[in-house]
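Here is what each chain is made of, one letter per residue.
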Amino acid sequence: MEIQLGRGKTARRAYGIDEIALVPGNRTLDPSLADTRWKIGNIEREIPIIASAMDGVVDVKMAVRLSQLGALGVLNLEGIQTRYADPEPILDRIASVGKDEFVSLMQELYAEPIKPELITKRIQEIKEQGGIAAVSATPLGASRYGEVVAQAGADLFFIQATVVSTAHLSPESVTPLDLAEFCRSMPIPVVLGNCVTYDVTLNLMKAGAAAVLVGIGPGAACTSRGVLGVGVPQATAIADCAAARDDYYQETGKYVPVIADGGLITGGDICKCIACGADGVMIGSPFARAAQAPGRGYHWGMATPSPVLPRGTRIRVGTTGTLEQILTGPAGLDDGTHNLLGALKTSMGTLGAKDIKEMQQVEVVIAPSLLTEGKVYQKAQQLGMGK
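- The name given to the protein chain in an unreviewed UniProt entry is GuaB3 family IMP dehydrogenase-related protein, with Anabaena azotica FACHB-119 as the source organism.
- Entered under Sequence similarities (unreviewed entry) in the UniProt record, the comment concerning the protein chain runs "Belongs to the IMPDH/GMPR family."

Quick look at the structure:
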């Protein structure tokens with residue numbers, strides 16, 4: 001339903017994850033029977049959760065451990081890990097600087113050139129330890145380093161930008177990356193993003209995307225919505241993009257997963273994304289709180305170091321437990337930020353969903369009071385959902 005903003009301008013109401021709730025059906029099942037498996041290309045994972053390609057979230061060790069646990073971690077190929085042979089002192093500097101000096105420090109540190117030999121080294125380090133080598137770059141980075149990534153033996157390539165499309169216009173002196181040709185030429189699956197609309201999702205799938213990332217600006221450390229005024233709340237964005245996936249499947253017989261990227265903090269957030277139509281999720285700040293995370297209790301976005309227009313900041317997330325506690329439990333906190341897999345399985349059991357496909361079909365209601373109704377004591381005492 002369109003809403004009139006004023007003469008000559010109408011708008012559509014969009015909903016965020018915090019504004020919806022999931023409705024139990026006629027059946028329940030034991031959480032142990034809930035099947036959370038999913039696939040990107042030919043890679044199957046037990047846990048439909050991906051750690052974001054952010055320098056405070058994923059390094060080689062995190063990528064390997066996430067693989068071992070049944071999830072996936074994506075390494076940023078245009079970050080600290082590929083600019084410095086020893087990233088540890090650099091990460092120490094980022095964690096120790098004050099908030100007023102942070103932006104200038106990041107611009108200085110990320111001005112160090114990317115070294116192709118370090119791209120190869122990081123990918124090989126992940127592979128040698130039995131991990132899945134999933135890596136990420138911007139479209140420009142992909143055009144520069146795609147061949148290096150392929151030769152190094154990476155398993156998945158994520159091309160990510162604030163907004164990506166197959167119809168990008170560039171100055172005459174610049175040749176934009178042809179996404180369709182890149183997907184055809186790469187010997188590994190290519191994931192494309194980010195987007196928030198039906199039409200762009202459909203075009204990315206037609207270009208050969210192995211999966212599509214959905215989300216513009218909802219991330220905990222992202223400021224794109226404030227800086228650019230661009231974005232669509234995640235519940236609506238996911239539902240629109242999932243509709244494109246379903247239509248593409250009906251047309252071609254090829255199923256391309258939709259990944260909700262950003263704005264997710266708790267297990268409940270993940271459950272609601274899948275109920276809106278996502279096949280999996282990508283999260284950053286929840287994993288940045290792991291003891292093994294490289295960020296030393298801090299989290300910052302991929303566009304934070306931009307030399308011209310930073311679209312992210314550094315936030316203090318603290319360290320709340322091990323990666324294992326956060327992903328698979330047992331939980332040490334009561335606010336939904338630990339045992340994310342357990343939360344998903346328990347929610348699926350409560351809703352009677354045997355697998356991800358059934359979870360995508362559960363009833364959703366608009367419920368702005370979901371997180372506040374009856375929670376006055378939790379809020380007053382900053383406990384549980386009131387933290």
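Continuing now.
## Quick look at the environment of Asn 203
- For Asn 203, the location among the structural elements is in helix H8 (residues 198–206).
- Judged by relative accessible area, Asn 203 falls into the partly exposed class, the value being 35%.
- With 23 residues separating them in the primary sequence, Asn 203 and Ala 180 have C-alpha atoms 9.6 Å apart.

## Topic: the pairing of strand E13 (residues 280–283)
- Judged by which residues are buried, E13 turns out to be covered on both faces: Gly 280 and Met 282 on one side and Val 281 and Ile 283 on the other are all buried.
- For strand E12 (residues 258–261) and E13, the ladder comprises three bridges, and the chain directions are parallel. Paired with Asp 261 across the bridge in E13 is Met 282.
- This β-α-β element, E12 to helix H11 (residues 267–275) to E13, shows right-handed connectivity.

## Quick word on the environment of Asp 59
- Within the element layout of this structure, Asp 59 appears in the loop between strand E6 (49–51) and helix H1 (60–69).
- When its relative accessible area of 9% is taken as the criterion, Asp 59 is described as buried.
- C-alpha of Asp 59 to C-alpha of Pro 87: the two residues are 28 residues apart in sequence and 9.6 Å apart in space.
- If we skip the residues at most four places from it in the chain, Asp 59 touches Leu 75, Gln 81 and Pro 294.

Criteria and cut-off values
- Residues numbered from 1 in each chain as written.
- Predicted model: local features only at pLDDT ≥ 70, side-chain atom pairs only at ≥ 80, totals over all residues.
- Heavy atoms only, no water.
- UniProt positions renumbered as here; feature names shortened; annotations may be inferred.
- Helix = DSSP H or I, 4+ residues; strand = E, 2+ residues; numbered from the N terminus.
- Buried < 20%, exposed > 50% of the residue type's maximum accessible area, 1.4 Å probe, protein only.
- Pairing = 2+ DSSP bridges.
- Right-handed = clockwise from strand over helix to strand, strands pointing away.
- Contact = heavy atoms within 4.5 Å.

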